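Analysis of the macromolecular model
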Amino acid sequence: MIVDAFTHIYPAEYVKYIQRLDRPLPVFFQDAPHFVEAEAKLAEMDRNNIDVQVLALGTPAFDELFGPDQAGGARDAARTANDGIA
């Protein structure tokens, strides 16, 4: 069994959330559907003979997006990202 323990994902709704904040997103994922679309991620896994991936949210990190006085925004962003990953 091949496990990819270092892979990132940008759920579509999370991307929309961050874009509404007018914050920069990494350029590299914009032309790589496997970062956003589940079907593309699964196809990439098949091409690379990967059985399982441990998914993690990609950059920017919440501490880069929200200050100490913006806990509500960070919570909403985390919920949006987690729901998208789920």
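Structure: see above.
Counting its regular elements, the protein contains 4 helices and 2 strands. Secondary structure of the protein in N-to-C order comes out as β-α-α-β-α-α. Taking the principal axes of the C-alpha coordinates as reference, the protein spans close to 45 × 25 × 20 Å. Counting across all 86 residues of the protein, residues that qualify as buried make up 31%. Partitioning the contacts of the protein with sequence separation of at least 6, the portion at a separation of at least 24 is 72%. Of the roughly 5,700 Å² that the protein leaves accessible, carbon and sulfur atoms contribute 54%. On the protein, the mean spot of the 7 positive side-chain charges and the mean spot of the 14 negative ones are 6 Å from each other.

Our focus in this paragraph is the packing of helix α1 (residues 12-20) against helix α4 (residues 71-85). For the pair α1 and α4, interaxial distance at closest approach is 8 Å and the crossing angle is 155 degrees. Here α1 is positioned roughly antiparallel relative to α4, judged by the angle of their axes. Listed contacts from α4 to Glu13, Tyr14 and Tyr17 of α1 are Gly73, Asp76, Ala77, Thr80 and Ala81. Per-class residue counts for the contact of α1 with α4 are 4 nonpolar, 2 polar and 2 charged.

Time to look at the layout of surface pockets. If you add up the space inside the largest pocket, you get close to 160 Å³. Within the lining of the largest pocket, the residues separate by chemical class into 8 nonpolar, 2 polar and 2 charged.

With that settled, consider the side chain of threonine 7. You can see threonine 7 is positioned in strand β1 (residues 3-9). In terms of polar contacts, threonine 7 uses its side chain to reach the side chain of lysine 41, at 3.3 Å. Residues in contact with threonine 7, not counting those within four places in the same chain, are Lys41, Gln53, Val54, Leu55 and Ala56.

A separate point is the nonpolar core. Counting 13 residues, the largest nonpolar core has Tyr14, Tyr17, Ile18, Leu65, Phe66 and Ala77 as its most contacted members. Counting only elements with at least two residues in this core, the list comes to α1 and α4. Non-local contacts of tyrosine 17, meaning those with residues more than four positions away in its chain, are made with Phe66, Gly73, Asp76, Ala77 and Thr80.

Turning to a nonpolar patch on the surface, a few remarks are in order. A cluster of nonpolar side chains, Met1, Val3, Val52 and Val54, forms an exposed patch at the surface whose accessible area comes to about 400 Å². Of note, valine 52 is situated in strand β2 (residues 52-57). With a relative accessible area of 34%, valine 52 lands in the partly exposed category.

The rules we used
- Residues numbered from 1 in each chain as written.
- Predicted model: local features only at pLDDT ≥ 70, side-chain atom pairs only at ≥ 80, totals over all residues.
- Heavy atoms only, no water.
- Helix = DSSP H or I, 4+ residues; strand = E, 2+ residues; numbered from the N terminus.
- Buried < 20%, exposed > 50% of the residue type's maximum accessible area, 1.4 Å probe, protein only.
- Contact = heavy atoms within 4.5 Å.
- Areas by Shrake-Rupley, 256 points an atom, 1.4 Å probe, with all protein chains shown as cover.
- Lys, Arg positive; Asp, Glu negative; His and termini not counted.
- Charge placed at Lys NZ, Arg CZ, Asp CG, Glu CD.
- Axes fitted to C-alpha atoms, helices over the stretch in contact; angles between N-to-C directions.
- Parallel < 35°, antiparallel > 145°, perpendicular 65-115°, else oblique.
- Nonpolar A, V, L, I, M, F, W, Y, C, P; charged D, E, K, R; others polar.
- 1 Å grid on protein atoms, 1.4 Å probe; cavity = no way out; pocket = protein on both sides within 12 Å on 5 of 7 lines; lining within 4 Å.
- Points joined across faces, edges and corners; volume = space filled by probe spheres on them.
- Polar contact = N/O pair within 3.5 Å; in protein donor to acceptor, adjacent residues only side chain to side chain.
- Core = buried A, V, L, I, M, F, W, Y, C linked by side-chain atoms within 4.5 Å.
- Patch = residues over 30% accessible without salt bridge, like charges linked within 9 Å, V, L, I, M, F, W, Y side chains within 5 Å.
- Salt bridge = Lys/Arg side-chain N within 4 Å of Asp/Glu carboxyl O.

Bear in mind that shape data such as this cannot, by itself, settle questions of function.
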